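Residue-level structural notes
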Amino acid sequence: MTLRPTDSSTLLIDGKLVPGSGGTFEVFDPSTEELLGKAADATAADMDAAIEAARRAFDDTDWSRDHAFRARCLRQLRDALRGHIEELREITIAEVGAPRFLTSAAHLEGPVDDLLFFADLAENYSWKQDLGNAAPMGIPTHRYLLKEATGVVGAITPWNFPHQINFAKIGPALAAGNTVVLKPAPDTPWCAALVGKILAEETDFPPGTLNIVTSSDHLLGAQLTEDPRVDLISFTGSTATGRSVMRSAADTLKKVFLELGGKSAFLVLDDADLRSACSMAAFTVSTHAGQGCAITTRLVVPRDKYDEAVAATAKTMRTLRPGDPRDPGTVCGPLISERQRARVESYLRLAVEEGGTIVVGGGRPAEHARGFFVEPTLISGLDNRSRTAQEEIFGPVLVVIPHDGDDDAVRIANDSPYGLSGAVYGTDPARIARVVAGVRTGTLGVNGGIWYAADAPFGGYKQSGIGREMGVAGFEEYLETKLVAEPAS
Ligand code: NAD
């Protein structure tokens, strides 16, 4: 099987690979602006059919109760994906503009292998949990819990790490016994569609258990949120869209699980190795052109070392020129689209209007006439209250902010509507522990610690989201709890 679509990709509905009723839409390479090919363009009628298929597969089959079968299907899918990994890698680089060096752990092999964690959970999870005996109202009673799938899951995903986010949803949702309708972002339809093709042609997933609906129309996501046949929405995307997902899911009182935006702080305490911390901050924000929700975009440094910190950050950032994502040495690839680049550039203008100084970058790299590139950019001289420091830019843009000690650093980190991630650098464990306890955020790396793993729950405080993805906590987001009481024997 050749994976790369020759004409266009297909939808996966009820076990069949079908064209979109709306024809096709174009897929571009963000690093060259060239047309790669076409993707199936689903309409509301296709989405309706996908929801119906998922509903039937949940209601009329044994899928949700056959834990061992689901584990087998997920392992099969992981193996089949592994068998196509090099083709998937090239398509991911082309469609997402993902730097090659990031494709293994972060974009592809890592997330593909994470399916095994969820397969194991399907098999080993305590589906029945004994609560023991009690005598409610004086009546001796034995109680137990049954953990059960929620039903039909609508999974709506963005373009920045399409495989990671798609698998972080379909892995636990399917392992837990749900059926799924996945609606990927219009910018990266192929990543999802090709997984659908592999699943349909090389695994035993029953029809309707996973449906994949690519479309140029964002509103197919809204359709999922409104449909009464869908029980749960698992959404990753911007906070603005997250709000509208929550609003439109309210009429049918769906469970809503949201992974949203961030403006995470990188805190450097005054006893840290300033240069290596700042160098790491520059590297992090430049990676994948800053298109990561959990990337640290506010560098908070001791006031009396501000100039030294700016110089150290700038030194590393100057070495991270935007480059061809196919080159294994590239850290900063393109942004996904012209629209995203225009958005990032509008923030660069805003930073200057707000009184900031662009120390490094600030524009398009002269060496790339084509592709949606923006230079890694360092901005100094702005207050944390500035819009540039408060709003998510989703590009390789770092703002350096001074702090007046540990408590002030924590205050600045928390002075944000978001609370997704963060980093702390220092040497005194007691001070680090105090800072860790103070920051209101869902994940925090200390001195370079990596928090991402299949068994580690990830998610946001405040307006960065509701719920947790990955880990047992992420799996349990997709479960209902049934309490059963019987006379004690
Ligand atoms: P987006 O919110 O524009 O779109 C996300 C998805 O929602 C897409 O599939 C889109 O088609 C769909 N959508 C759009 N309007 C909708 C509506 N009214 N109802 C339902 N679905 C709708 O986000 P994006 O631009 O694709 O991705 C970038 C954003 O995603 C950033 O804000 C980033 O921080 C966030 N993100 C968060 C995480 C996380 O885990 N917290 C991970 C990656 C990206």
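Overview of the structure.

Within the protein chain, the regular secondary structure consists of 16 helices and 22 strands. A principal-axis box enclosing the C-alpha atoms of the protein chain has dimensions of 70 × 65 × 40 Å. When burial is assessed residue by residue, the protein chain has 59% of its 489 residues classed as buried. When contacts within the protein chain are restricted to residue pairs at least 6 apart in sequence, long-range pairs at least 24 apart make up 73% of them. About 18500 Å² of surface is accessible on the protein chain, with carbon and sulfur atoms providing 53% of the total. Positive and negative charge centroids in the protein chain, built from 48 and 65 side chains respectively, lie 3 Å apart.

Attention shifts here to the site of the ligand. The environment of the ligand is made up of 28 residues, and the closest members are Thr157, His218, Ser238, Leu260 and Glu392. One nitrogen or oxygen atom from the main chain of Thr157 is found 2.7 Å from an oxygen atom belonging to the ligand. A distance of 3.4 Å separates a nitrogen atom of the ligand from a polar backbone atom of Ala222. Bound to the protein, the ligand loses 91% of the 850 Å² it would expose on its own. Elements that contribute at least two residues to the shell around the ligand include exactly α8 (219-226), β10 (232-236) and α9 (239-250). If you tally residues by element for the shell around the ligand, the top one is α9, at three residues.

Taking strand neighbours across the sheet as the criterion, the three strands line up as β5-β6-β22 in an open arrangement whose pairing is antiparallel. The sheet is open, and its two borders are formed by β5 (128-134) and β22 (479-487), each paired with just one other strand. Each strand axis lies, on average, 20° off the axis of its neighbour in the sheet, ignoring direction. Pairing between β5 and strand β6 (residues 141-149): six bridges, direction antiparallel. Each residue of the ladder has a partner; that of Gly132, found in β6, is Arg143.

Further remarks concern the pairing of strand β3 (residues 24-28). As judged from the five bridges shared by β3 and strand β4 (residues 35-40), these two strands associate in the antiparallel manner. Each bridged residue has a counterpart across the sheet, and for Glu26 the counterpart in β4 is Lys38.

All right, on to unusual backbone geometry then. The phi angle at Asp14 is positive, at roughly 55°, despite the residue not being glycine. With respect to the secondary-structure elements, Asp14 resides in the loop between β1 (11-13) and β2 (16-18). In this structure, Ala289 takes a positive phi of about 55° despite not being glycine. Along the chain, Ala289 turns up in the loop between α10 (274-286) and β13 (296-302). We classify Ala289 as buried; its relative accessible area is 1%.

A few words on helix α3 (residues 85-96). Helix length check: α3, at 12 residues, gives a terminal C-alpha distance of 16 Å against a target of 16 Å (1.5 Å per residue), a fit within 8%. Along α3, nine of the 12 residues are buried, which leaves the element largely enclosed by surrounding structure. Ile85, Leu88, Arg89, Ile91, Thr92, Ile93, Ala94, Glu95 and Val96 are the residues of α3 that are buried. Two residues or fewer past α3, Gly97 is found with a positive phi of approximately 75°.

Cut-offs applied
Residues numbered from 1 in each chain as written. Predicted model: local features only at pLDDT ≥ 70, side-chain atom pairs only at ≥ 80, totals over all residues. Heavy atoms only, no water. Helix = DSSP H or I, 4+ residues; strand = E, 2+ residues; numbered from the N terminus. Buried < 20%, exposed > 50% of the residue type's maximum accessible area, 1.4 Å probe, protein only. Contact = heavy atoms within 4.5 Å. Areas by Shrake-Rupley, 256 points an atom, 1.4 Å probe, with all protein chains shown as cover. Lys, Arg positive; Asp, Glu negative; His and termini not counted. Charge placed at Lys NZ, Arg CZ, Asp CG, Glu CD. Near = heavy atom within 4 Å. Polar contact = N/O pair within 3.5 Å; in protein donor to acceptor, adjacent residues only side chain to side chain. Pairing = 2+ DSSP bridges. Axes fitted to C-alpha atoms, helices over the stretch in contact; angles between N-to-C directions. Expected span 1.5 Å × (residues − 1).

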